[in-house]
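Commentary on secondary and tertiary structure
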Amino acid sequence: MKITVLGCGAVGQLWLGYLQAKGHTVQGWQRIAEAAPVHFTLQQPSEPDSASGQQRQYQVPCNDPHHLASSDCLLVTLKAGAVAPALLPLLDKLSASCAIVLLHNGMGSLSEPQLAQIQQPLLQGITSHGALRYAPHSVRHTGYGETHLGALNAAGQTRLDAITDVLNAALPPVTAHTDIRPRLWHKLAVNCAINPLTALQQCRNGALLSQQAELQALCGETAAVMNAEGIAVSAEQLLVGVNQVIQATAENFSSMHQDITLQRASEIDYITGYLIRRAQAHGLAVPHHQALYAAIKQLESAHAKR
Ligand code: KPL
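In what follows, the accompanying structure is described.

Rules behind the numbers
- Residues numbered from 1 in each chain as written.
- Predicted model: local features only at pLDDT ≥ 70, side-chain atom pairs only at ≥ 80, totals over all residues.
- Heavy atoms only, no water.
- Phe/Tyr/Trp six-rings, centres within 6.5 Å; stacked < 30°, edge-to-face > 60°.
- Helix = DSSP H or I, 4+ residues; strand = E, 2+ residues; numbered from the N terminus.
- Buried < 20%, exposed > 50% of the residue type's maximum accessible area, 1.4 Å probe, protein only.
- Lys NZ or Arg CZ within 6 Å of the ring centre and 35° of its normal.
- Near = heavy atom within 4 Å.
- Polar contact = N/O pair within 3.5 Å; in protein donor to acceptor, adjacent residues only side chain to side chain.
- Areas by Shrake-Rupley, 256 points an atom, 1.4 Å probe, with all protein chains shown as cover.
- Nonpolar A, V, L, I, M, F, W, Y, C, P; charged D, E, K, R; others polar.
- Disulfide = S-S within 2.5 Å.
- Contact = heavy atoms within 4.5 Å.
- Salt bridge = Lys/Arg side-chain N within 4 Å of Asp/Glu carboxyl O.

Regarding the packing of aromatic side chains
Here the structure, examined in full by the defined rule, presents 2 aromatic pairs. Seen in terms of ring centroids, Phe40 and Tyr58 are 5.5 Å apart; in terms of plane orientation they differ by 25°. Their pairing is stacked. Here Phe40, found in strand β3 (residues 38-43), pairs with Tyr58, found in strand β4 (residues 55-60); they are 18 residues apart in sequence, far enough to count as distant. A relative accessible area of 2% means that Phe40 is categorised as buried. Between Trp185 and Tyr274, the aromatic rings sit 5.8 Å apart at their centres with planes inclined by 50°, giving tilted as the arrangement. Taken as a pair, Trp185 in helix α6 (residues 181-201) and Tyr274 in helix α10 (residues 272-281) lie far apart in primary sequence, 89 residues in all. Look at Tyr274 and you get buried, because its relative accessible area is 15%. Between Arg140 and the ring centre of Tyr134, over which it is positioned, the NZ or CZ distance is 4.0 Å.

Description of the site of the ligand
Around the ligand, the neighbouring residues are Asn105, Lys187, Asn191, Ile194, Asn195, Asn205, Val245, Ser254 and Ser255. One of the side-chain N or O atoms of Asn105 is found 2.9 Å from an oxygen atom in the ligand. The contact in question runs from an oxygen atom of the ligand to an N or O atom on the side chain of Asn195, over 3.1 Å. Within the complex, the protein chains bury 84% of what would otherwise be the 280 Å² of accessible surface of the ligand. Among the elements that take part in the shell around the ligand, α6 stands out by supplying 4 residues, more than any other. Looking at side-chain class alone, the shell around the ligand contains 2 nonpolar, 6 polar and 1 charged residues.

A few points about the state of the cysteines
Here the structure, examined in full by the defined rule, presents 0 disulfides. Looking at the unpaired Cys8, the closest cysteine sulfur is the one in Cys62, lying at 4.6 Å. Using a relative accessible area of 8% as the deciding quantity, one classes Cys8 as buried. Not part of a disulfide, Cys98 finds its nearest cysteine sulfur in Cys73, a span of 6.3 Å. For Cys98, a relative accessible area of 0% translates into the label buried.

What about helix α3 (residues 80-87)?
Along α3, 6 of the 8 residues are buried, which leaves the element largely enclosed by surrounding structure. Every buried residue belonging to α3 is among Ala80, Ala82, Val83, Ala84, Ala86 and Leu87, and all of these are buried. For α3, the elements touching its buried residues are β1 (2-6), β5 (73-76), β6 (99-103) and α4 (112-117).

Describing the pattern of salt bridges
Side chains that differ in charge, positive against negative, can pair when their charged atoms come close. Scanning the model with the defined rule gives 7 salt bridges in all. When the shortest N-O distance is used, the salt bridge between Glu229 and Arg181 registers 3.3 Å. One end of the pair, Glu229, is in the loop between α7 (212-228) and α8 (235-248); the other, Arg181, is in helix α6, and 48 residues separate them in sequence. When its relative accessible area of 14% is taken as the criterion, Glu229 is described as buried.

Okay, here's the thing in structure tokens:
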């Protein structure tokens, strides 16, 4: 299959590497047009009995408009906030049958009018694979995870199984869902609890295990919004899920912790911000999430003034 990966960060390079290794014709697409190919080393997670994982060198072409126009799939691995500005100008350069797959944390990267603009098959996925760029041309696959995919429009539904098969053969497991929204919401609930708290406290995910009262309050507010969105879940179920992720990723620094530490814009508007917007639409109060949102925004604006 001919595939373009929009966004050549850690997650983009991970998919470029695994898809190229499966024999697909891949290219990267970067915002700053670079004719030069992207070259990187991809280190796979280590096996239990070896010190470090297998390393492979990759070289993939970049920003070829002919490749873009004839791509069967555009895999968008940009952060939520970068999706609309990068994707919308490319729409009329893609074929009508090119399946667009969004793969990012958070929700609401495209507004309703922007979604309506997209005629191509549109899919959204969520992945828990860990990827870290530890040097300019080196990416480490830090941990195996799983990927879930679903369609965002009717055309997307017709391509869901074929795209799932291609991605699953490259980096399994990838599972197709007839309704991806509950999956996205459950991931959002986890990110709304872990990401802002770890960013504000500058701690590893595991440190949150001792903060059950705060996590419970956040999960209670999130469950009320999810119920209003038609997703049946209790605060207790969300709390169990959040604690499982905290335990499984105890040594990790969350993505928002890393963004705030490096003084980059975080994904707060697509994580807690999205939850708050949906709460407002349903007339629900979410004071604990509001407080975290305001605190992260304050940090971001302090960084921007420096
Ligand atoms: O998705 C994550 C993130 O950091 O964005 C979690 C699950 C919190 C793992 O760190």
